[in-house]
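# Structure at a glance
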Amino acid sequence: DVKVTQSSRYLVKRTGEKVFLECVQDMDHENMFWYRQDPGLGLRLIYFSYDVKMKEKGDIPEGYSVSREKKERFSLILESASTNQTSMYLCASSSSSGANVLTFGAGSRLTVL
Amino acid sequence: GNSVTQMEGPVTLSEEAFLTINCTYTATGYPSLFWYVQYPGEGLQLLLKATKADDKGSNKGFEATYRKETTSFHLEKGSVQVSDSAVYFCALSAALYSSASKIIFGSGTRLSIRP
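Worth saying up front: this structure is predicted, and the values here are computed from it rather than measured. (Residues numbered from 1 in each chain as written. Chains lettered and ligands numbered in written order. Predicted model: local features only at pLDDT ≥ 70, side-chain atom pairs only at ≥ 80, totals over all residues. Heavy atoms only, no water.)

### A closer look at the overall build of chain A
Note the cut-off: Helix numbers and strand numbers start at the N terminus; a helix is a DSSP run of H or I with at least 4 residues, a strand a run of E with at least 2. A radius of gyration in this sense is built from C-alpha atoms; the matching globule rule multiplies 2.2 Å by the number of residues raised to 0.38. Whether a residue is buried, partly exposed or exposed follows from its accessible area with a 1.4 Å probe, protein chains only, as a fraction of its type maximum: under 20%, in between, or over 50%, in that order. Every accessible area reported is derived by Shrake-Rupley at a probe size of 1.4 Å, with residue values counting cover from the shown protein chains alone. Positive charges are assigned to Lys and Arg, negative charges to Asp and Glu, while His and the chain termini are left out of the count. All charge positions are set by atom: Lys at NZ, Arg at CZ, Asp at CG, Glu at CD.
Looking only at helices and strands, one finds zero helices and 12 strands in chain A. Counted from the first residue to the last, chain A has its helices and strands arranged as β-β-β-β-β-β-β-β-β-β-β-β. Its C-alpha atoms give chain A a radius of gyration of 13 Å, within 12% of the compact-globule value 13 Å for 113 residues. Across its three principal axes, chain A shows a C-alpha extent of roughly 40 × 25 × 25 Å. Here chain A holds 113 residues, and the buried ones make up 50% of them. Total accessible area on chain A stands at roughly 5,300 Å², and carbon and sulfur atoms take up 49% of it. Of the charged side chains in chain A, 15 are positive and 14 negative, and the gap between their average positions amounts to 6 Å.

Following this line, the structure appears as structure tokens:
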């Protein structure tokens, strides 16, 4: 069964901490995405990557950075976590030849105190 | 710009009722349209899609027709079950680069089905 795996389901961090959210896919997909999900706002795109070492800003990149050193892994980094980054973070991947269908991980719920 | 608007929830229905969740979109060009579903405690998964005007996507008894003239992609099911309780997201794809597309999501509609 194909998968997108997010390393942590639940995290609790303190304001100012550096936070790493890891995502791995086993489908050899070219494209990977990070979204955050908030009630009433749906999913908002933070960053995406369409190739190794390539990254592009989404709609809300402020306060975040990403890293894609290997095709299967896409990391989201919060350099200095703030309380307004408390959210559910969803990683997804897609094939460049797959009619833009996203496969999602189960999500990482981050709480920043 | 591109956007998706879907009916606000929560929607509460009795089992075997007819379901409609409205979705309209604004887009340049000819986007593909999707419905994703998120069951409790899980990530989103594709429910159905349509890639061009007048296409009908269907899966698990759900259907949606790509209506270009009304820029709509309403989700319907004739007889809902308790197991359909979930959050439903309408989405469209907007091409960015030749090898990647940006998927834009609506705000989601929470559906609860009473036994």
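### Regarding the sheet that holds strand β7 (residues 56–59) of chain B
Residue and element names in this part refer to chain B. We apply this condition: A pair of strands is treated as paired once DSSP finds two or more bridges between them. Axes, fitted as lines to C-alpha atoms, cover a helix only where it is in contact. Angles between the N-to-C directions of the axes lie from 0 to 180 degrees.
Judged by pairing direction, the sheet is antiparallel, and its four strands sit side by side in the order β3-β9-β8-β7 without closing on themselves. Looking at the sheet topology across the chains shown, the edges are occupied by β3 (19–21) and β7. The average angle at which neighbouring strand axes cross in this sheet is 20 degrees, direction not considered. By the bridge criterion, two bridges tie strand β8 (residues 62–65) to strand β9 (residues 75–77) in an arrangement that is antiparallel. Among the inter-strand pairings, Phe62 is bridged to a residue of β9, identified as Lys77.

### Focus: the layout of surface pockets
Put simply, the test is: Space inside and on the surface of the protein is sampled on a 1 Å grid over the protein atoms alone, with a cavity defined as a set of points where a 1.4 Å probe fits but cannot get out and a pocket as an open set with protein on both sides within 12 Å along at least 5 of 7 lines; lining residues have an atom within 4 Å of a point. Grid points are joined across faces, edges and corners, and a volume is the space filled by probe spheres set on the points.
Roughly 620 Å³ of internal volume is contained in the largest pocket. Along the walls of the largest pocket sit 31 residues, with Gln37(A), Pro39(A), Gln38(B), Val87(B) and Arg110(B) positioned nearest its centre. Of all the elements in the fold, those that place two or more residues in the lining of the largest pocket are β5 (31–38) and β10 (87–94) of chain A together with β10 (86–97) and β12 (109–114) of chain B. With four residues, β12(B) is the single largest residue contributor to the lining of the largest pocket.

### Observations regarding the pattern of salt bridges
Here is the rule: The term salt bridge refers to a side-chain nitrogen of Lys or Arg lying within 4 Å of a carboxyl oxygen of Asp or Glu.
Under the definition given, this model contains nine salt bridges over all chains. Its salt-bridge partner being Glu22(A), residue Arg73(A) comes within 3.8 Å of it at the nearest N-O pair. With a gap of 51 residues between them, Arg73(A) in strand β9 (residues 73–78) and Glu22(A) in the loop between β3 (19–21) and β4 (23–25) connect regions that are remote in the sequence. The exposure class assigned to Glu22(A) is partly exposed, which follows from its relative accessible area of 22%. When the shortest N-O distance is used, the salt bridge between Lys56(B) and Glu63(B) registers 3.6 Å. According to the relative accessible area criterion, Glu63(B) is partly exposed, its value standing at 34%. Bridged by salt links that share partners, the residues Arg36(A), Asp38(A) and Arg44(A) form one connected network.

### With respect to the state of the cysteines
All names here are of chain A. As a reminder, the rule being used: Disulfides are defined as cysteine sulfur pairs within 2.5 Å.
Under the defined criterion, the tally for this structure stands at two disulfides over all chains. The disulfide that involves Cys23 links it to Cys91, with 1.9 Å between the sulfurs. Across the disulfide from Cys23 to Cys91, rotation about the S-S bond amounts to roughly -75 degrees, and the bridge is consequently left-handed. Here Cys23, found in strand β4, pairs with Cys91, found in strand β10; they are 68 residues apart in sequence, far enough to count as distant. The buried category is assigned to Cys91, whose relative accessible area is 0%.

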